[in-house]
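Chain by chain, the residues run as shown.
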Amino acid sequence: MATIRLEIVSPDSSVYDADIAMLIVRSTGGELGILPHHAPLVTGLIPHAMRIKLPDTEEETLIAVSGGFMEVTPEKITVIASTAEVPDSIDVNRAKEAYERAKERIAAFHQNGDTDKDFDMKRAELALARAKARLMATRTVFD
Ligand code: ATP
């Protein structure tokens, strides 16, 4: 089976380095599926759980990223993420707390009809998206 190398690095460490069958990501331009021999590409990533399809198995590995960049060449995908975590390294309770905190903040902004707090609102929305990415990567149910 054809494979493509995937390397994911965060400012702290190398998070993932392996030959994979396919990577599905949410880029700033929408969802992308990257197969071996993909055309060269550079794009931004938004917070989400990346899906890695491994060769010769139906298995899918999830990795939470909170944004960054992806560079694709026909042989290699490089993801430079602000933060990236494999499910085993995710503290689910911490992510649930961050999720609840962000939801409460967003609800409060809506209730107050605050229009001059756009910056704080954006921050809360991004915190919510990061928490959702971590909950999705750990297959945690949330509403
Ligand atoms: P919190 O409000 O819980 O700090 P956050 O989304 O603001 O969450 P980040 O700024 O994205 O956190 O990340 C800061 C550091 O903490 C990064 O190194 C990231 O990998 C780590 N981190 C954040 N949340 C978790 C989590 N739930 N489990 C494991 N590591 C986490």
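Everything numeric in this text was worked out from a predicted model, so none of it was measured.

Colleague: Could you clarify how one ought to interpret the site of the ligand in this entry?
Modeller: Around the ligand, a shell composed of Asp12, Thr83, Glu85, Ser89, Ile90, Asp91, Arg94, Ala95, Arg101, Arg130 and Arg134 is seen. Contacts to the ligand include aspartate 91, whose backbone N or O atom sits 2.8 Å from a nitrogen atom. Arginine 130 is positioned such that a nitrogen or oxygen atom in its side chain is 2.6 Å from an oxygen atom of the ligand. Look at the ligand: alone it shows 590 Å² of surface, and the protein chains cover 68% of it. Structurally, the ligand is housed in the largest pocket.

Colleague: Even after reading the chapter, I still don't get the packing of aromatic side chains, so can you show me in this structure?
Modeller: The geometry of an aromatic ring pair is captured by two quantities: the separation of the ring centres and the angle between the planes. For the structure on display, the rule yields 1 aromatic pair. On the basis of an interplanar angle of 65° and a centroid distance of 5.1 Å, the ring pair of tyrosine 99 and phenylalanine 142 is categorised as edge-to-face. Residue tyrosine 99 is located in helix H1 (residues 92–112), and its partner phenylalanine 142 is located in the segment after helix H2 (118–137); the two are separated by 43 residues in the primary sequence. A residue is classified by how much of its surface remains accessible, and tyrosine 99, at 4% relative accessible area, is buried. Judged by its relative accessible area of 28%, phenylalanine 142 falls in the partly exposed class.

Colleague: Would you explain the layout of surface pockets in this entry?
Modeller: A probe as big as a water molecule, rolled over the atoms, marks out the empty space that is left. Space inside the largest pocket adds up to approximately 310 Å³. Lining of the largest pocket is provided by 14 residues; of these, Arg94, Ala95, Ala98, Arg130 and Arg134 occupy positions nearest its centre. Sorting the residues of the lining of the largest pocket by element identifies H1 and H2 as the ones contributing at least two each. A total of 6 residues in the lining of the largest pocket trace back to one element, the largest contributor, which is H1. Class assignment for the residues of the lining of the largest pocket results in 6 nonpolar, 1 polar and 7 charged.

Colleague: Just to check I follow, could you spell out the pairing of strand S4 (residues 30–34) for this structure?
Modeller: Note that strand S3 (residues 22–27) and S4 share 5 bridges and pair antiparallel. Looking across to S4, one finds that arginine 26 is bridged to glutamate 31. Adjacent in sequence and paired antiparallel, S3 and S4 are bridged by 2 residues.

Reading guide: rules and limits
- Residues numbered from 1 in each chain as written.
- Predicted model: local features only at pLDDT ≥ 70, side-chain atom pairs only at ≥ 80, totals over all residues.
- Heavy atoms only, no water.
- Near = heavy atom within 4 Å.
- Polar contact = N/O pair within 3.5 Å; in protein donor to acceptor, adjacent residues only side chain to side chain.
- Areas by Shrake-Rupley, 256 points an atom, 1.4 Å probe, with all protein chains shown as cover.
- 1 Å grid on protein atoms, 1.4 Å probe; cavity = no way out; pocket = protein on both sides within 12 Å on 5 of 7 lines; lining within 4 Å.
- Sits in = over half its atoms within 2 Å of the grid points.
- Phe/Tyr/Trp six-rings, centres within 6.5 Å; stacked < 30°, edge-to-face > 60°.
- Helix = DSSP H or I, 4+ residues; strand = E, 2+ residues; numbered from the N terminus.
- Buried < 20%, exposed > 50% of the residue type's maximum accessible area, 1.4 Å probe, protein only.
- Points joined across faces, edges and corners; volume = space filled by probe spheres on them.
- Nonpolar A, V, L, I, M, F, W, Y, C, P; charged D, E, K, R; others polar.
- Pairing = 2+ DSSP bridges.

Bear in mind that shape data such as this cannot, by itself, settle questions of function.
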